[in-house]
Amino acid sequence: MEYTTLGETGLAVSQLCYGTWRFGKETDGVVETDREEAHEILDACREQGINFIDTANVYGDPNGTAEEYIGEWLEDHDREEYVLASKVYFPFDGWGEPGPNDSGLGRKHIRAQIEGTLDRLGTDYLDLYYIHRWDDDTPIVETMRTLTDLVREGRVNYLGASTMAAWQLTKALWQSDSEGLERFDVTQPRVNAIYYDEVSDYLDVCGDQDLAVCPYSPLEGGFLTGKYERAGDDPNDVISPDGSRGSLSGMSVDENDWAVLEEVEAVADELDATPAQVALRWLIDQREFTCVPIVGARSPDQLAENVGAVELELSDDQFDRIDEAR
């Protein structure tokens, strides 16, 4: 495993982050990744050298299950070896009804949620705390002051921002700078080889402000693994392989997406690699900002394939071909 520092921070992380959104998640009454499977995958992360683990207070059914799984696993491991990231914004209600202050980025909700997150993870501090979404109902200065207090109290080391508009990220950074508050060092948008132009303004801010980018959905729901096949003239007419986790329902595919996939597959053939490895490596090699993709492998074998991306070397020509296919 190779390591990099997150943006302008001194925090060293593996070039891939492991995302735990499936931990304890129920789909049609079946848990996608149960406690035993979660611990097996975390063991595999350790063996592969992944030290960066991403979660959120609302991951799992009921909410908090993913953090609990991680906390239980950490009881038998050195917490200082790992970089832990979690998030705050959405209602945390278990199976109950959320109250009027049980969501958002107000001081009351953030203060309540950091306590629960630290307790479930079994740690005194988080390495990275993201705001999960932008809160239109709370002044961003209140949010940044509250997060700054958490940093100064030693409960959080660095701050991150997930999905939002470029102007919102810019406003938050400006507010922090003008008020002498802690600022975001890391972002977590949806970014991959076919979903890039849609967030280009956001990524321009990240590059200009030296923010690290930890993209979720780096393989666009599995599309960039090459496991889906085109069935006809309609680009949305897709054949899903047996055992895949979907038929791209809810995802719109266009001609350009297939062109990108074709280039990814061509580069994979040239490097004797898999399309998933090439798509991940393309993100790691971004030139304008530090990029650490978040992978959500469902098994140790799948994780090992993802980690193979770190060992690849894309030539400038191969990188540009994928970039230009967008």
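Report on the accompanying structure. In this text, all values refer to a predicted model and were calculated from it rather than measured experimentally. Sequence order as written defines residue numbering, which begins from 1 separately in each chain. Confidence filtering applies because this is a predicted model: local features only for residues at pLDDT of at least 70, side-chain atom pairs given and counted only at 80 or more, and all residues used for totals across whole chains, interfaces and linings. Hydrogens are left out, water is left out, and the side-chain values use all remaining heavy atoms of the structure.

**What to know about the sheet that holds strand β11 (residues 212-213)**
At step 1: When DSSP locates at least two bridges between a pair of strands, those strands are taken to pair. What counts as a helix is a DSSP run of H or I of at least four residues, what counts as a strand is a run of E of at least two, and both are numbered from the N terminus. Across the sheet, which stays open at both edges, the eight strands sit in the order β11-β10-β9-β8-β7-β6-β3-β14 with parallel pairing between neighbours. With one partner strand each, in any of the chains shown, β11 and β14 (294-295) form the two edges of the open sheet.
At step 2: As paired strands, strand β8 (residues 126-131) and strand β9 (residues 156-161) are joined by five bridges and run parallel to one another. Directly across from Y129, in β9, lies its bridge partner L159.
At step 3: When checking whether two residues touch, look at their non-hydrogen atoms; a contact exists if any pair is within 4.5 Å. In this analysis, axes come from line fits to C-alpha atoms, helices being fitted only over the stretch in contact, and the angle between any two N-to-C directions falls in the range 0 to 180 degrees. This element, helix α4 (residues 140-152), spans β8, β9 and β10 (184-187) of the sheet and lies at about 150° to β9.

**Brief notes about the packing of helix α5 (residues 166-179) against helix α6 (residues 200-208)**
At step 1: Where α5 contacts α6, the two axes come as close as 8 Å, and the packing angle between them is 25°. Looking at the two axes, α5 sits roughly parallel to α6. Side by side, α5 and α6 meet where A166, L169, T170 and L173 of the first sit next to D201, Y202, V205 and C206 of the second. Angles below 35 degrees are treated as roughly parallel, those above 145 as roughly antiparallel, those between 65 and 115 as roughly perpendicular, and all remaining angles as oblique.

**A closer look at the packing of aromatic side chains**
At step 1: Each Phe, Tyr or Trp ring (for Trp, its six-membered ring) is paired with any other whose centre lies within 6.5 Å, and the angle between the two planes then decides the class: stacked below 30 degrees, edge-to-face above 60, tilted in between. Counting across every chain of the model gives eight aromatic pairs.
At step 2: When the centroid spacing of 4.9 Å and the interplanar angle of 80° are considered together, the rings of Y89 and F90 count as edge-to-face.
At step 3: Classification of F90 as partly exposed rests on a relative accessible area of 27%.
At step 4: Members of the aromatic cluster, joined through ring pairs, are Y18, F23 and Y69.
At step 5: Only when the NZ atom of a Lys or the CZ atom of an Arg is both within 6 Å of the ring centre and within 35 degrees of the ring normal do we say a charge sits over the ring. One residue, R190, lies across the ring of Y195, its end atom 3.6 Å from the ring centre. Using a 1.4 Å probe on the protein chains alone, a residue whose accessible area is under 20% of its type maximum counts as buried, one over 50% counts as exposed, and one in between counts as partly exposed.

**Comments concerning the side chain of N306**
At step 1: Within the secondary structure, N306 sits in helix α9 (residues 300-311).
At step 2: Under the relative-accessibility criterion, N306 is labelled buried at 5%.

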